[in-house]
Amino acid sequence: MGEELEVGCARPIGGPVKSSSDEDKQTKEKEIIKMSVQVGKKAPDFQAPAFHEGKMKQIKLSDYLGKWVLLCFYPGDFTFV
Amino acid sequence: MSVDSVFSHKIWQEEELSRMIEGGVPYPMLSDAGGKVGKLYGVYDEDAGVNIRGRFIIDPDGIIRAMEVLTPPVGRNVAELIRQVQAYQHVRETGEVMPSGWQPGKPTLKPGPNLAGKVWKVWKPEKIS
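All of the points below concern the structure found in this document. Residue numbers run consecutively from 1 along every chain, following the written order of its sequence. The lettering of chains begins at A and the numbering of ligands begins at 1, in the order of writing. At least 70 in pLDDT is required for a residue's local features to be given in this predicted model, at least 80 for side-chain atom pairs to be given and counted, and no such filter applies to totals for whole chains, interfaces and linings, which use all residues.

What to know about the sheet that holds strand 5 (residues 69-72) of chain A
Basically, it comes down to this: At least two bridges found by DSSP between two strands is the condition for calling them paired. In DSSP terms, a helix is any run of H or I states spanning at least four residues, a strand is any run of E spanning at least two, and both are numbered starting from the N terminus. The convention used is that axes are lines fitted to C-alpha atoms, helices contributing only their stretch in contact, and that angles between N-to-C directions extend from 0 to 180 degrees. With C-beta atoms placed from the backbone, a contact is any residue pair whose C-beta atoms sit within 7 Å.
A sheet is described by the order of its strands in space; here 3 strands give the open sequence 5(A)-4(B)-5(B), paired in antiparallel fashion. The open sheet has two free edges, formed respectively by strand 5 of chain A together with strand 5 (64-70) of chain B, since each of these has just one partner strand. The sheet shows a mean angle of 10° between the axes of neighbouring strands, direction not considered. Examined bridge by bridge, strand 4 (residues 53-58) of chain B and strand 5 of chain B share 6 bridges and lie antiparallel to one another. Its bridge partner being in strand 5 of chain B, B:Arg55 is matched across the sheet by B:Glu68. Each of strand 4 and strand 5 of chain B touches helix 3 (residues 78-94) of chain B; the most contacted strand, strand 4 of chain B, lies at about 20° to it.

This is how it looks when you write it as structure tokens:
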């Protein structure tokens, strides 16, 4: 899953996925994106570049609807734990 | 997902992870430059500029079923994570609920008026040695 990315010098970026109705408010909200997660509530959608099966891809959380997803954050590659 | 670039993920996978796990990790390694997604999920440490160890179990409807957040020095317990996924899959399939300490194959509970005040008859807490 996920669309393959062209690899260039510009670093691909990701971030929250907003619905079009949110767009007017977007500039104001840019500064105030806050933690909005709670168990039992919808996981906020996002997209992000990824390395997967030897390729660079763009991954979107909502593409995984219908599957169980485990989302793991960690401090950094090559850290020890 | 970490704040590292996809190129860093590639080299980590090729140089190190593939030597720990045959074929390397099979799932997408996501890059969160600037911690935008980490901020959205409340796991971005502004001072350190990294995402801390947060993990979220998300069901097929996109609902967060469980989360765990650890500070960096302690690693996660994969067995406990798998147990939680199995428990949430079981409740989704059957509507039965899992008492504390439940393991796959162990008795589950069917909530209802008849069970109120009678859990002691069907379930005993685990003894921790």
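Once the structure has been displayed, the description carries forward.
Focus: the nonpolar core
To keep things clear, this is the line we draw: As used here, a nonpolar core is made of buried Ala, Val, Leu, Ile, Met, Phe, Trp, Tyr and Cys residues. They are joined through C-beta atoms within 7 Å. Residues with at least 20 neighbouring C-beta atoms inside 10 Å of their own are called buried, those with 12 or fewer are called exposed, and the rest are partly exposed, where every C-beta is derived from the backbone.
Core analysis: the biggest nonpolar cluster contains 24 residues, and A:Ala48, A:Ala50 and B:Phe56 have the highest contact counts within it. When residues of this core are traced back to their parent elements, those giving at least two are strand 3 (46-52) and strand 4 (55-60) of chain A together with strand 1 (29-30), helix 2 (36-40) and strand 4 of chain B. Residue contributions to this core peak at 4 residues, all from strand 3 of chain A. If we skip the residues at most four places from it in the chain, A:Ala48 touches A:Gly14, A:Ile59, B:Met1, B:Leu30, B:Ser31, B:Asp32 and B:Val37.

Side note on the interface of chain B and chain A
The criterion, for reference: Any residue that is not Ala, Val, Leu, Ile, Met, Phe, Trp, Tyr, Cys, Pro, Asp, Glu, Lys or Arg is counted as polar, Gly included; the first ten are nonpolar and the last four charged.
Taken together, the 47 residues of chain B in the interface contact 43 residues of chain A. Elements that contribute at least two residues to the side of chain B that touches chain A include exactly helix 1 (6-20), strand 1, helix 2, strand 3 (50-51), strand 4 and strand 5 of chain B. Taken together, the residues that form the side of chain B that touches chain A break down as 26 nonpolar, 12 polar and 9 charged. The pairing of strand 3 of chain A with strand 1 of chain B spans 2 bridges and is classified as antiparallel.

Purely geometric stuff here, so don't read any function into it on its own.
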